[in-house]
Structures are given as C-alpha cells and as structure tokens.
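Summary of structural features
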Amino acid sequence: MSFQVDNLSLSLGDNKILHDISFTLERGQVTGLLGRSGCGKSTLAKAMVGIHQSEQSCLKIDGTAFQPKFGKTGHKIQYMWQDPHMALSPFLSAVRCVEEAMETHKSTTKVQRREKAQGLLQQVGLTPSLMQKQPHALSGGQCQRIALARAIAARPEFLILDEPFSALDLVTQKNIIALLGNLRQVYDFGLMIISHDLRTLWRLADKLILIDQGRIIEDRPTSDFIHAPQHELTKTFASFALAET
Ligand SMILES: Nc1ncnc2c1ncn2[C@@H]1O[C@H](COP(=O)(O)OP(=O)(O)OP(=O)(O)O)[C@@H](O)[C@H]1O
C-alpha cells in the first residue's frame, strides 16, 4: 500500500510555502523528512492530513484520490504534532485521551477500549498513576509519549511523527525507538518521521527526503543519501551526521 503526494503546492496567506512536492510513502517502510528550520516540513505533514488544504487535489492512496479530513480520516493517516499538547485535550486524563482516539472503532466496547488504552500507555512507559493525570500535570516528554499512544490507537495505515524525540532524554528516546520498531511489526503502518537531526533519522529510515525552501532537493535510500549525497545541502547534513557518530 502506498501514500502518494503528487505535485503538492501550498500557500499560507501571501506566502507560497510548498512548491510542487512529489514523493511516495510505502506501508511497512520508514521515511525520514529532513530540512532546516522553517523549510516547510510541518506544513507538508499538515497538508497530508487535511489540517491545511492544498491548492489542488494531489494525494492518493494506492493510486486512488484521497481527500484527507482532519479528525475523520485518522484511520488512514495520523499526524503526531510537534507540540504534543496540540494533540491532547487539556480536560482529559492521559488514558481518556487515548481512549477517545478509539471511539471510531465501533466494534469495541468501552471496557475493551480502556484496556487497550492502558496497554498502549504502558508500552510507551507511563505508570498507572500518570495515566490518570491531565496534560498540565505531566512533563513534555510524558505528553509526547501519550500523543504517540493516541496516534497509534487510531490504528492508522500511515503515521507521521513530527520531531517525536525533541522533548525526550536519550534513554527514553532509545526506548521509544525500540517501541516504534515493535509497533511497526504489529501494526505494519507506513511511518514518516520529521526531524532536522539526521543522526536520529538515519538509523530508523529506509529512505530520506530533504526539503529546502519548500522544495524537495533529495529523495533517496538512506545509505545513498548518507554516503553518496548529490546536493550541497545534503552533503552538509551528511558530513555533520558522519562526524558525530
Ligand atoms: N499558519 C501559518 N500561516 C502563515 N505562515 C505559516 C503558518 N505556519 C507556518 N508558516 C510559515 O511556513 C514556513 C514553514 O513552516 P513549517 O512549520 O512548516 O517549517 P518546519 O520546516 O516544520 O520548521 P521547524 O523545523 O522549525 O519546525 C515558515 O516560514 C513559517 O513561518
């Protein structure tokens, strides 16, 4: 199964942010989306899930036109916000936030949803007492893990994680990376991870896409991207990543 972006252009206000973006995500694969701050990574992700509307219909799933509607097409594609508080209701406990994402699963009972939500929160490392707390009483990293559990709870075919490790310490980062690996085996979603840090991405991604000023400048398998970069900016990213390993 594939999710295709075909010549996507997008303006916000008077500014053209994205220019003719085309690429494909494959289910079962990890794609890293890389670029300098402000180049348009989050805007692109938001267009893919329907938070921003692109100028023309340019998304397809397996070749069929796909019109994302935020809050309605989450079983197809989910976006985990860079700021996890955006994904979490301030009034709901952690476990309710995750349960809420499963309410479209009509075939499950409330009790089953509660058990599943607790199980997912446990997998992302939340203790039972933290599961009862609201986001304002939790740390940024704890909220990030709840947002991840919530995104997975919707059982999406494709999942976009926007800077998912930025608020996590190195040990938790490592645990979450291992957890993502396990979850991918179970749920088999296609994963796109957004970051400006190539060191985190290259260990996870099957392919890497580099964006600059709203345009794709490189889209290649990870090993080619790192060891045989074509574009000057790719060379810079790759040399920093190689120097720091
Ligand atoms: N709602 C908006 N209205 C107008 N301009 C916006 C809006 N959201 C983002 N932008 C602009 O679009 C450009 C791309 O922003 P975006 O958040 O997509 O970048 P990014 O690559 O994700 O950056 P970062 O790595 O810093 O999160 C920036 O110049 C930003 O100022």
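Refer to the structure printed above.
A brief report on the enclosed structure follows. Here the structure is a predicted model, which means the values were calculated and not measured.

1. Observations regarding helix α1 (residues 41-49)
Where burial is concerned, most of α1 is hidden: 9 out of the 9 residues are buried. For α1, the complete set of buried residues consists of K41, S42, T43, L44, A45, K46, A47, M48 and V49. Just beyond α1, the residue with positive phi is G50, at close to 90°.

2. Some points on the pairing of strand β7 (residues 158-162)
In terms of burial, β7 is a largely internal element, 5 of the 5 residues being buried. Side chains of β7 alternate between two faces, with F158, I160 and D162 and L159 and L161 buried alike. Bridge count between strand β6 (residues 77-80) and β7: 4 bridges; the pairing is parallel. From the neighbouring strand, I77 faces β7, where its bridge partner is F158. Of the crossover connections in this fold, the one passing from β7 over helix α6 (residues 170-187) to the parallel strand β8 (residues 190-195) is right-handed.

3. Thoughts on the site of the ligand
Taken together, the neighbourhood of the ligand is formed by 14 residues, with L12, S37, K41, S42 and T43 sitting nearest. Secondary structure elements with two or more residues in the shell around the ligand: β2 (15-26) and α1. Examining the composition of the shell around the ligand, we find that 3 residues originate from one element, α1, more than from any other. Grouping the constituent residues of the shell around the ligand by class yields 3 nonpolar, 10 polar and 1 charged.

4. Observations regarding the sheet that holds strand β5 (residues 64-65)
Pairing between the strands of a sheet is mediated by backbone hydrogen bonds and can be parallel or antiparallel. With antiparallel pairing, 4 strands are arranged side by side in an open sheet as β2-β1-β4-β5. What marks the edges here is a single partner per strand, and that holds for β2 and β5. Bridge count for strand β4 (residues 59-61) against β5 is 2 bridges, and the pairing is antiparallel. Counterpart to I61 in the pairing with β5 is T64.

Conventions we followed
- Positions within a chain are numbered from 1, following the residues in the order the chain's sequence is written.
- The predicted origin of the model limits local features to residues at a pLDDT of at least 70 and limits the giving and counting of side-chain atom pairs to 80 or more, whereas totals for whole chains, interfaces and linings rest on all residues.
- Buried means a residue has 20 or more other C-beta atoms within 10 Å of its own C-beta, exposed means 12 or fewer, and partly exposed covers the counts in between; C-beta atoms are placed from the backbone.
- By definition, any uninterrupted DSSP run of H or I lasting at least four residues is a helix, any uninterrupted run of E lasting at least two residues is a strand, and each is numbered from the N terminus.
- If DSSP finds at least two bridges between two strands, the strands pair.
- When the strands point away from the viewer, a crossover counts as right-handed if the route from the first strand across the helix to the second turns clockwise.
- Any residue whose C-beta atom, as placed from the backbone, lies within 6 Å of a molecule or strand is termed near it.
- Amino acids are sorted into nonpolar (Ala, Val, Leu, Ile, Met, Phe, Trp, Tyr, Cys and Pro), charged (Asp, Glu, Lys and Arg) and polar (every other residue, Gly among them).

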